[in-house]
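Geometric and topological summary
Here's the letter readout for the chains.
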Amino acid sequence: MSISTSNLLFFLSQTSDLLSFFQKYEDELIKDTPGGCLYALLDKYGLRPGDISARTGTGNYVYRILNDERTPGRDTVVAFCLAIGSTLSECQTLLRISRHALLDPRFHRDGALIFALERGIGLSQCNDLLFDIKEDTL
């Protein structure tokens, strides 16, 4: 993606033909799925679906996400990323592809999640941190 979202939004607001807009900017559109993105992260970090299932306690749900039968909720995306040990940027990408709000440090709980992702804090420790600051755990 070489065009910023704000520029793409401007171009969309100026177009009179939606189909031609989609054709012209096809390379800028997000085509990946949550399952595909999650598979790529697992591959990058040398993990198997069962590893994430065990670390998050999600059972077969992880397989349904990987097969694009389900779209993970926002907390599930973050929990998976913490369990994988992914970066904040990778988590934000998976959130975006899953059509969820990105983590925003202006929100107390999101700030704690960003803190955990940036420092490589695992899921269990992150939940302890959330509990200590009186926020809902993942």
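Just above sits the structure.
A brief report on the enclosed structure follows. (Residues numbered from 1 in each chain as written. Predicted model: local features only at pLDDT ≥ 70, side-chain atom pairs only at ≥ 80, totals over all residues. Heavy atoms only, no water.)

**Focus: the packing of aromatic side chains**
- Counting across every chain of the model gives four aromatic pairs.
- Between F21 and Y25, the ring centres sit 5.0 Å apart and the planes meet at 50 degrees, which makes this aromatic pair tilted. As far as the burial class goes, F21 and Y25 line up, both buried.
- Taken together, the ring pairs in this structure connect F10, F11, F21, F22 and Y25 into an aromatic cluster. (Phe/Tyr/Trp six-rings, centres within 6.5 Å; stacked < 30°, edge-to-face > 60°. Buried < 20%, exposed > 50% of the residue type's maximum accessible area, 1.4 Å probe, protein only.)

**Examining helix 9 (residues 123-132)**
- Of all the positions in helix 9, only L123, C126, N127 and L130 are classed as buried. Buried residues of helix 9, viewed axially, fall in a sector of 100 degrees; they line one side. Facing away from the buried surface of helix 9 by more than 90 degrees, the exposed residues are S124, Q125 and D132.
- Where the residues of helix 9 are buried, they touch helix 4 (49-56), helix 6 (74-84) and helix 8 (108-119).
- Taken from the residues just after helix 9, K134 is the one with a positive phi, measuring 60 degrees. (Helix = DSSP H or I, 4+ residues; strand = E, 2+ residues; numbered from the N terminus. Arc of directions from axis to C-beta. Contact = heavy atoms within 4.5 Å.)

**What to know about the pattern of salt bridges**
- Within this structure, the stated rule accounts for six salt bridges.
- Among the salt bridges present, the one from D110 reaches R74, with a minimum N-O distance of 2.8 Å. Taken together, the residues span a long stretch of sequence, with D110 in helix 8 and R74 in helix 6 at a distance of 36 residues.
- A salt bridge links R106 to D104; its shortest N-O distance comes to 3.2 Å.
- Look at R106 and you get exposed, because its relative accessible area is 72%. (Salt bridge = Lys/Arg side-chain N within 4 Å of Asp/Glu carboxyl O.)

**Overview of unusual backbone geometry**
- Its identity is not glycine, yet D68 carries a phi of approximately 55 degrees, on the positive side.
- Residue position: D68 is located in the loop between helix 5 (61-66) and helix 6.
- We note that R99 has phi near 65 degrees; this positive angle belongs to a residue other than glycine.
- Mapped onto the secondary structure, R99 falls in the loop between helix 7 (88-97) and helix 8.

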